[in-house]
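Each chain, written out:
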Amino acid sequence: MKNLKNIIGFMIVLGLAWAAWNAWFPPQIVNEQQDVRAWIPERPHLGALENEKWRVFTKRMVWKKAVEDLQAKFKENNMNPIILNRKEAVQLHVFDDPRAFVSRTEAEAALKEWNIDSVDILRRADGKYMLGLGRFYLPEYAQLRQEALKTLKKPYKYTQDTKIIPTYRFIFPALSESEAEVLWKNIQDMGAINPVMMTENEFNAMFVGGM
């Protein structure tokens, strides 16, 4: 009987100790779902982008004859884009014969050494003459000229300059994305190398104010 009283007394003391411990150090309740969700920002509703319009246009053109030829092709295919014409800074690739000639006769004789087209006799500011081996605004043409000059194994000078010149782009009306993709492919098939396709918002950010 005495042992039973001791056990009951021990359990009462243990219970009081546990209650005191919880009073001083309450257990922490962790709500994992609530804490995690509170730190995840709400994703924006993207439905509006599904209906965004797209623009297709040709890359910058600087040669008026090429513009006229492409415009004729568009008319043949019943396409009527508008032309964006404005002045822009365009990189000019310059190739020259490094020599200077006292007379035009000397320059004409030296010209025969270059077995390439589009070589011009130019008059310098000091009155002497030089040979211009090509001026190109399109890097693709500049690359071809550089390759042709290297095959001749003759000294030449290459420099770059920036000129403000008229530029042209054909701009098509805003379309849905699927319609714009079809138009892009049709324009490429007509000979306009790598036409550009971008959203209406991107297009406005780049060109609004220039049309």
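Each value, and the rule that gives it
Residues numbered from 1 in each chain as written. Predicted model: local features only at pLDDT ≥ 70, side-chain atom pairs only at ≥ 80, totals over all residues. Heavy atoms only, no water. Helix = DSSP H or I, 4+ residues; strand = E, 2+ residues; numbered from the N terminus. Buried < 20%, exposed > 50% of the residue type's maximum accessible area, 1.4 Å probe, protein only. Contact = heavy atoms within 4.5 Å. Areas by Shrake-Rupley, 256 points an atom, 1.4 Å probe, with all protein chains shown as cover. Arc of directions from axis to C-beta. Expected span 1.5 Å × (residues − 1).

Please clarify how the overall build of the protein chain should be interpreted in this entry.
Counting its regular elements, the protein chain contains seven helices and six strands. What you see in the protein chain, going N to C, is helices and strands ordered as α-α-β-α-β-α-β-β-α-β-α-β-α. Here the protein chain, with 211 residues, has 27% of them falling under the buried criterion. Across the protein chain, the fraction of contacts at a sequence separation of at least 24, relative to all contacts at a separation of at least 6, is 76%. Here the protein chain displays about 15600 Å² of accessible surface, and carbon together with sulfur accounts for 57% of that area.

It is not clear to me how helix α7 (residues 200-207) should be interpreted in this structure. Could you clarify?
Residues spaced three or four apart along an α-helix face the same direction, because each turn holds 3.6 residues. All of the buried residues along α7 are Glu 200, Phe 203 and Phe 207. Each buried residue of α7 lies within a common arc of 60° when the element is viewed along its axis, so the set occupies one face. Exposed residues on α7 whose side chains face more than 90 degrees from its buried face are Asn 201 and Ala 205.

What exactly am I supposed to notice about the environment of Phe 57 here?
For Phe 57, the location among the structural elements is in strand β1 (residues 54-57). The buried category is assigned to Phe 57, whose relative accessible area is 3%. Dropping the residues within four chain positions of it, Phe 57 is found in contact with Arg 169, Phe 170, Ile 171, Pro 195, Val 196, Met 198, Phe 203 and Phe 207.

Please clarify how unusual backbone geometry should be interpreted in this entry.
Most peptide bonds are trans, and most residues other than glycine sit at a negative phi. The backbone of Ser 118 shows a phi angle near 60°, a positive value even though the residue is not glycine. Position of Ser 118 among the secondary structure elements: in the loop between α4 (104-111) and β3 (120-123). Overall, the relative accessible area of 47% leaves Ser 118 in the partly exposed class. A positive phi angle, near 55°, is found at Lys 153, a position not held by glycine. Here Lys 153 is to be found in the loop between α5 (139-152) and β5 (157-171).

How do you make sense of helix α6 (residues 177-189) when you look at a structure like this?
Look at α6: 19 Å from first C-alpha to last across 13 residues, which is about the 18 Å you get at 1.5 Å a residue. Regarding α6, the residues found buried are Ala 180, Leu 183 and Ile 187. Buried positions in α6, seen along its axis, are confined to an arc of 65° and lie on one side of it. Along α6, the residues that are exposed and aim more than 90 degrees away from the buried face are Val 182 and Asp 189. Buried residues in α6 make contact with β1, α3 (64-76) and β6 (196-199). Where α6 ends, the next residue or the one after it, Gly 191, has phi of about 115°, a positive value.

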